[in-house]
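Structural features, examined
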Amino acid sequence: MANATDPLAKTVRGMDPQNIMERITRDKVYAMTYWKEKCFAVSAEALVDLAVDLRAVGGIYGGNNRATEFLCLTLKLLQIQPEKEIILEFIKNEDHKYVRLLGAFYLRLVGKPTDVYQYLEPLLNDYRKVRYRSRDGKYVLTHVDEFVNNLLTKDMFCDVALPRVPHRQALEAAGSLEPRVSALETDVKDLEEQLENAVEEAIGREMRMDVDGDDDELDTTATRDAAGKRPREEDEEGELANASTPAAKVNRRQPVDLHDEGNARHRSRSPQRRGGGGDYGERRGGGVRGLSRDRGGNRGDRGEHARPGDHRADYFRESEKKEKKEKKEKKEKKEK
């Protein structure tokens with residue numbers, strides 16, 4: 001009679017609540033000393049104290065296939081079938097993580113699919129560490145969210161076959177559940193808002209810097225233009241002043257090309273040679289004869305009657321001779 005289900009308990013999916021756990025697993029639980037000593041004649045209120053004392057979760061372990069205390073308390077909940085509000089208080093308990101996992105495991109066994117998703121999905125945000133006793137009896141470190149995820153995704157967990165639950169997408173399509181809003185989505189939205197604000201601030205700073213740079217360039221170009229106009233105006237004023245003087249006018253009228261100057265002298269001299277003018281005769285007696293002797297003989301001293309254009313022609317002749325010599329020297333060097 002100690003292992004019988006409460007007469008007031010309701011059937012779950014048309015069968016005894018204890019039959020959700022397999023017969024061989026139940027027999028191992030009934031054989032445990034912990035079940036016989038601690039779980040005999042335990043009510044829902046007394047079971048809370050036992051759940052607080054839990055130090056690990058798990059199913060069957062060891063060579064003798066012993067059942068964990070967590071599995072014993074799960075079978076006791078199936079036997080007494082406490083009210084739904086008590087189980088929800090187990091799940092909402094944030095101070096004792098093993099009490100929370102015990103209520104989640106029981107709700108996964110007997111609860112409706114909508115209740116399973118509604119009350120277990122918030123536990124995915126609980127990242128506290130818990131101990132899980134594996135098959136070989138060793139303790140393995142896991143987390144609350146990993147335990148709950150296994151309850152939602154696996155068909156066998158803690159050596160108990162979990163009832164099948166429809167996929168969340170099917171329930172959402174049927175309208176039984178609303179789309180899930182993850183806690184990470186809110187964090188991502190806050191992060192995106194922060195990034196957008198930072199980008200807008202950076203763009204505003206760049207625009208301000210560009211505007212300030214354009215203003216500075218305009219100021220510099222204006223100052224440069226003003227500084228450049230002043231010397232230009234001064235140069236133009238100086239040129240106008242020089243052009244107004246008579247010496248500048250005379251210099252502008254003087255011929256530049258030496259060939260033109262020689263031709264002009266030849267034209268001025270030829271009619272006098274043909275007709276024999278007086279000026280030419282007077283000049284022939286002194287300065288002209290001296291000039292001819294200098295050209296034929298000594299070209300260094302031209303005397304007082306030398307013409308102003310003759311020394312320029314001599315200079316160009318000497319420069320031509322120097323260029324010819326340099327060319328000859330270059331050719332000789334190349335031949336060597």
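Up top is the structure.
Here we summarise the structure given alongside this text. (Residues numbered from 1 in each chain as written. Predicted model: local features only at pLDDT ≥ 70, side-chain atom pairs only at ≥ 80, totals over all residues. Heavy atoms only, no water.)

1. Things to note about the sheet that holds strand β1 (residues 57–58)
The strand order β1-β4-β5 describes an open sheet built from three strands, whose pairing is mixed. Among the strands making up the open sheet, the edge pair consists of β1 and β5 (139–143). Helix α6 (residues 97–110) contacts β1 and β4 (129–133) of the sheet and is inclined by roughly 60° relative to β4. Set on the sheet, helix α8 (residues 144–153) makes contact with β1, β4 and β5; between it and β5 the angle comes to about 85°. (Pairing = 2+ DSSP bridges. Helix = DSSP H or I, 4+ residues; strand = E, 2+ residues; numbered from the N terminus. Contact = heavy atoms within 4.5 Å. Axes fitted to C-alpha atoms, helices over the stretch in contact; angles between N-to-C directions.)

2. A short note on the pattern of salt bridges
Tallied over the entire structure, the rule returns eight salt bridges. Two residues, R128 and D126, come together in a salt bridge whose shortest N-O distance is 2.8 Å. The class for R128 is partly exposed, based on a relative accessible area of 26%. Several salt bridges converge on common partners, so that one network encompasses R100, D126 and R128. (Salt bridge = Lys/Arg side-chain N within 4 Å of Asp/Glu carboxyl O. Buried < 20%, exposed > 50% of the residue type's maximum accessible area, 1.4 Å probe, protein only.)

3. A few points about the packing of aromatic side chains
Working definition: an aromatic ring pair is given by the centre-to-centre distance plus the angle between the planes. Counted by the stated rule, this structure contains five aromatic pairs. With 6.1 Å between their ring centres and 15° between their planes, Y132 and F157 make a pair best called stacked. Remark: F157 occurs in strand β6 (residues 156–157) and Y132 occurs in strand β4; sequence separation between them is 25 residues. Taking the centre distance of 5.0 Å and the plane angle of 65° together, the rings of F147 and F157 count as edge-to-face. Of this pair, F147 sits in helix α8 while F157 sits in strand β6, and the two are ten residues apart along the sequence. Summarising the burial analysis for this pair, F147 and F157 share the class buried. Clustering of aromatic rings is evident, with ring pairs tying together F70, F105, Y132, F147 and F157. (Phe/Tyr/Trp six-rings, centres within 6.5 Å; stacked < 30°, edge-to-face > 60°.)

4. Focus: a nonpolar patch on the surface
Residues V199, I203 and M207 make up a contiguous nonpolar surface patch of about 280 Å² in total accessible area. On the secondary structure map, V199 appears in helix α10 (residues 183–244). (Patch = residues over 30% accessible without salt bridge, like charges linked within 9 Å, V, L, I, M, F, W, Y side chains within 5 Å. Areas by Shrake-Rupley, 256 points an atom, 1.4 Å probe, with all protein chains shown as cover.)

5. Remarks on a positive patch on the surface
On the surface, K321, K322, K324, K325, K327, K328, K330, K331, K333 and K334 cluster together into a patch of positive charge. You can see K328 is positioned in helix α14 (residues 310–335). Using a relative accessible area of 57% as the deciding quantity, one classes K328 as exposed. (Lys, Arg positive; Asp, Glu negative; His and termini not counted. Charge placed at Lys NZ, Arg CZ, Asp CG, Glu CD.)

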